[in-house]
Amino acid sequence: MASGTSGTSGTSGAGRASAAGAAGAAGGTAAERTVRAAGCVLWRRTPRSGRHGEPIEIALVHRPKYDDWSHPKGKLKPGEDPLRGALREVFEETGHDCEPGARLPSAHYTANARPKEVLYWAAEATDGTFVPNREVDRLVWLPPSAARHRISHERDRYLVDALLAALHMA
């Protein structure tokens, strides 16, 4: 994934202007060229208060193409409902079905010179088995404190705290 502006508030004014200028030169507005994606912060309950005394674990996926660790997410298909797309991506990348929960903050950044918006939900894993594939070669389940440190991109770390707040564990 290309580096870009992090956080939930989008790009700076200069970033928006340059993105809009680039989009205009390419024949569309920045909104028309925005890459739409969705994903989940996938979690599961841990038996006996879990490792490190934390009651849940969070799934992170390793993408060999980018050599990074992140929450399962991916681009939406044209016209696809974002929640449906998020659940599809979780299954494709982790092999797990899940029960969606609270809507979490979105991420806005630039990837491959295009604005990108990723919508996120909390989702409890129900069942499934991970099978490595071309897109994702590893899946780990970590307590929130360890997951926060393993996540490669700063822009994705805040989602751990957002999940804990949504689960009333913050």
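Reading guide: rules and limits
Residues numbered from 1 in each chain as written. Predicted model: local features only at pLDDT ≥ 70, side-chain atom pairs only at ≥ 80, totals over all residues. Heavy atoms only, no water. pLDDT = per-residue confidence, 0-100. Contact = heavy atoms within 4.5 Å. Pairing = 2+ DSSP bridges. Helix = DSSP H or I, 4+ residues; strand = E, 2+ residues; numbered from the N terminus. Patch = residues over 30% accessible without salt bridge, like charges linked within 9 Å, V, L, I, M, F, W, Y side chains within 5 Å. Areas by Shrake-Rupley, 256 points an atom, 1.4 Å probe, with all protein chains shown as cover. Salt bridge = Lys/Arg side-chain N within 4 Å of Asp/Glu carboxyl O. Lys, Arg positive; Asp, Glu negative; His and termini not counted. Charge placed at Lys NZ, Arg CZ, Asp CG, Glu CD. Buried < 20%, exposed > 50% of the residue type's maximum accessible area, 1.4 Å probe, protein only. Phe/Tyr/Trp six-rings, centres within 6.5 Å; stacked < 30°, edge-to-face > 60°. Lys NZ or Arg CZ within 6 Å of the ring centre and 35° of its normal. Core = buried A, V, L, I, M, F, W, Y, C linked by side-chain atoms within 4.5 Å. Disulfide = S-S within 2.5 Å.

A. Structural view of the confidence of the model for the protein chain. Taken as a whole, the protein chain shows an average pLDDT of 85; of its residues, 78% reach a score of 70 or greater. Residue range residues 1-26 is modelled with pLDDT below 50. Its contacts to residues more than four positions away, or to other chains, number 41 contacts.

B. Quick look at the pairing of strand E5 (residues 96-111). By the bridge criterion, eleven bridges tie E5 to strand E6 (residues 114-128) in an arrangement that is antiparallel. Each residue of the ladder has a partner; that of arginine 103, found in E6, is tryptophan 121. Connecting E5 to the next strand, E6, in antiparallel fashion are two residues, including asparagine 112 with a positive phi near 55°.

C. Region of interest: a positive patch on the surface. On the surface, Lys65, Lys75, Arg114 and Arg134 cluster together into a patch of positive charge. Tracing the backbone shows lysine 75 in strand E4 (residues 73-75). Residue lysine 75 is classed as exposed on the basis of its relative accessible area of 56%.

D. Structural detail: the packing of aromatic side chains. Under the definition given, this model contains zero aromatic pairs. In this structure, arginine 103 is placed above the aromatic ring of tryptophan 121, and the distance from its NZ or CZ to the ring centre is 5.0 Å. Sitting over the face of the ring of tyrosine 109, arginine 155 holds its NZ or CZ atom 3.7 Å from the ring centroid.

E. Structural detail: the nonpolar core. Counting residues in hydrophobic clusters, the biggest one holds 23 residues, and the most contacted among them are Ile58, Leu60, Leu104 and Leu163. Of all elements in the fold, only strand E1 (35-45), strand E2 (56-63), E5, E6, strand E7 (138-142) and helix H5 (154-166) reach the threshold of two or more residues within this core. The element best represented in this core is H5, accounting for five residues. The residues touching leucine 60, leaving out its near neighbours within four places in the chain, are Trp69, Ser70, His71, Arg138, Leu139, Val140, Leu142, Ala147, Arg150 and Ile151. With 17 residues, the next largest nonpolar core counts Cys98, Ala123, Phe130 and Leu139 among its residues.

F. Geometry of the state of the cysteines. In total, this model carries zero disulfides according to the counting rule given. Considering cysteine sulfurs only, cysteine 98 is the nearest to cysteine 40, which forms no disulfide, with 4.8 Å between them. Residue cysteine 40 is classed as buried on the basis of its relative accessible area, which comes to 0%. On the accessibility criterion, cysteine 98 (15% relative accessible area) is buried.

G. Expanded view of unusual backbone geometry. Positive phi, normally seen in glycine, also occurs at aspartate 67, with a value near 50°. At histidine 168, a position not held by glycine, the phi torsion is positive, near 60°. Among the structural elements, histidine 168 can be located in the segment after H5. Relative accessible area serves as the criterion here: at 72%, histidine 168 is assigned to the exposed category.

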